[in-house]
Amino acid sequence: MYHGTTNNYPVSKYSIQASQFKKHLIYLRKNGWHTVCLSELCTPDDLPDKTVALTFDDGYADNFENAFLPLLENNMKATWFITTDGIGKHAEWMGPPSEQTKMLTASQLSEMSAAGMEIGSHTCSHPDLSQATFEQQARELSESKQLLEALLQKPVKGFAYPFGRYNEESLTAITATGYDWACSTRSGWFDKEPNPLLIRRVTIFADDTAAILARKLAFADNDVSWKKMANYYSQRLKAKFLH
Ligand SMILES: [Zn+2]
């Protein structure tokens, strides 16, 4: 799970530098990782073992130059979750407008979709759905879906929860408004989570080098600090000696 891909030093812990992101793509290519759009994971039978779905939340304008074009050059794919009120404007929930809050335009989204990138919804206004009524949730889900489908002339079946927040009613609203799957922000493997409305992802932070990405791909965990790794291996060793 990526967010912004900035040319400057990141102001948010979720926004990665463009040069660092390119190193991630080089790592994936050199190590034989196959990228797919997230919906392709829902039919996993034909996919190679080293398959990864890269996702981008919010729809930042810097993704066009710094993520979409490099992905295209490397014959790779990704899935974007777009906050539709922000299209061609700024991410209002991110504070005062700046270069880093600028959002992708409608024509950029059309171009990305036409080039094989997948577009999903991230609501209209990026609310905390767990604090919204069922009606508010259903409106955010269906209006953003309709807008994207009219723009892209394709069905939009995927969703990601803003702030990773949801409640029981969110799951009902997602199905009722015609989505097939949704991504949470809890970490873990895709195929270890049985609920297609709670797909797990691993967060990429601003400081994540290609080496950290490699460990995240190996462990599907947001925390791959050496302390945690050392603990993991000592538990495994212990388990081995106890059996
Ligand atoms: Zn978001």
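What you see is a predicted model; the values in this text were computed from it and never measured.

**Q** Before we move on, could you go through the overall build of the chain and cite the residues and values that matter?
**A** Within the chain, the regular secondary structure consists of seven helices and nine strands. The C-alpha atoms of the chain give a radius of gyration of 18 Å, which matches the 18 Å a tight globule of 243 residues would have. Expressed as lengths along the three principal axes of its C-alpha atoms, the size of the chain is roughly 60 × 40 × 40 Å. The buried share of the chain, taken over its 243 residues, is 48%. Taking as baseline every contact in the chain between residues at least 6 positions apart, the subset at least 24 positions apart corresponds to 61%. Carbon and sulfur atoms make up 54% of the accessible area of the chain, which totals about 12,300 Å². Looking at the chain, you have 25 positive and 28 negative side-chain charges, and the mean spots of the two groups are 10 Å apart.

**Q** Describe the layout of surface pockets, with residues and values.
**A** What the largest pocket holds in volume is close to 630 Å³. As for the largest pocket, its lining consists of 27 residues, of which T51, V52, A53, W189 and F190 are closest to the centre. Looking at the lining of the largest pocket, the elements that each hand over two or more residues are β4 (51-52) and α6 (210-219). Counting residues per element, the lining of the largest pocket draws most heavily on α6, which supplies three residues. In the lining of the largest pocket, the residues fall into 19 nonpolar, three polar and five charged. Size it by volume and the second largest pocket reaches roughly 370 Å³. Forming the boundary of the second largest pocket are 23 residues, of which H3, Y14, D58, Y60 and M94 lie nearest the centre. Residues belonging to the lining of the second largest pocket are distributed by class as follows: eight nonpolar, twelve polar and three charged.

**Q** Residues and numbers for the coordination of the zinc ion, please.
**A** Around the zinc ion, the donor atoms from the protein are D58 (OD), H122 (NE2) and H126 (NE2), and they sit 2.0 to 2.2 Å away. All donor residues of the zinc ion come from one chain, and their arrangement in sequence is D-x63-H-x3-H. Placement of D58 in strand β5 (residues 55-58) and of H126 in the loop between β7 (118-121) and α4 (134-152) is noted, with a sequence separation of 68 residues between them. In this pair, the class of D58 matches that of H126, namely buried.

**Q** Can you tell me about the pairing of β5, naming the residues and giving the values?
**A** Two faces belong to every sheet, and in a regular strand the side chains alternate between them. The pairing of β5 with strand β6 (residues 79-82) spans four bridges and is classified as parallel. For D58, the partnering residue across the bridge sits in β6 and is I82. A crossover links β5 with its parallel partner β6, the connecting element being helix α2 (residues 62-73), and its sense is right-handed.

**Q** Tell me about the pattern of salt bridges, and please be specific about residues and values.
**A** A full pass over the atoms with the stated rule returns eight salt bridges. The partner of K77 in a salt bridge is E40, with the nearest N and O atoms 3.0 Å apart. Residue K77 is located in the loop between α2 and β6, and its partner E40 is located in the loop between β3 (34-35) and β4; the two are separated by 37 residues in the primary sequence. Residue classification places K77 among the partly exposed positions, given a relative accessible area of 30%.

**Q** Can you break down the packing of aromatic side chains residue by residue, with the values?
**A** Evaluated as defined, the whole model comprises ten aromatic pairs. Where Y2 meets F21, the ring centres are 5.0 Å apart and the plane angle is 90°; that geometry is what we call edge-to-face. Linking Y2 in the segment before β1 (5-6) with F21 in helix α1 (residues 18-30), this pair joins segments that are 19 residues apart in sequence. Across the pair, exposure class does not vary: Y2 and F21 are buried alike. Measuring from ring centre to ring centre gives 4.5 Å for F56 and W80, while their planes differ by 10°; the resulting arrangement is stacked. You can see F56 sitting in strand β5 and its partner W80 sitting in strand β6, a full 24 residues away along the chain. For the residue pair F56 and W80, the accessibility class agrees, reading buried in each case. By way of ring pairs, the aromatic residues Y2, F21, F56 and W80 are connected into one cluster.

**Q** Hey, could you go over the state of the cysteines for me, with residue numbers and the actual values?
**A** Summed over all chains, the structure comprises zero disulfides. In this structure C124 is not part of a disulfide, and its nearest cysteine sulfur, from C183, lies 18 Å away. A disulfide-free cysteine, C183 has its sulfur positioned 8.7 Å from the sulfur of C42, the nearest such atom. When its relative accessible area of 0% is taken as the criterion, C183 is described as buried.

**Q** Go over α1 with me, naming the residues and quoting the values.
**A** The terminal C-alpha atoms of α1 lie 19 Å apart, and with 13 residues this matches the ideal 18 Å at 1.5 Å per residue to within 8%. On its buried face, α1 is in contact with β1, β2 (16-17), β4, β5, α2 and α6. Positive backbone phi, at 75°, marks G32, one or two positions downstream of α1.

What counts, and where the lines are drawn
Residues numbered from 1 in each chain as written. Predicted model: local features only at pLDDT ≥ 70, side-chain atom pairs only at ≥ 80, totals over all residues. Heavy atoms only, no water. Helix = DSSP H or I, 4+ residues; strand = E, 2+ residues; numbered from the N terminus. Rg over C-alpha atoms; globule rule 2.2 N^0.38 Å. Buried < 20%, exposed > 50% of the residue type's maximum accessible area, 1.4 Å probe, protein only. Contact = heavy atoms within 4.5 Å. Areas by Shrake-Rupley, 256 points an atom, 1.4 Å probe, with all protein chains shown as cover. Lys, Arg positive; Asp, Glu negative; His and termini not counted. Charge placed at Lys NZ, Arg CZ, Asp CG, Glu CD. 1 Å grid on protein atoms, 1.4 Å probe; cavity = no way out; pocket = protein on both sides within 12 Å on 5 of 7 lines; lining within 4 Å. Points joined across faces, edges and corners; volume = space filled by probe spheres on them. Nonpolar A, V, L, I, M, F, W, Y, C, P; charged D, E, K, R; others polar. Donors = N, O, S within 2.8 Å, 3.2 Å for Na, K, Ca; no water. Pairing = 2+ DSSP bridges. Right-handed = clockwise from strand over helix to strand, strands pointing away. Salt bridge = Lys/Arg side-chain N within 4 Å of Asp/Glu carboxyl O. Phe/Tyr/Trp six-rings, centres within 6.5 Å; stacked < 30°, edge-to-face > 60°. Disulfide = S-S within 2.5 Å. Expected span 1.5 Å × (residues − 1).

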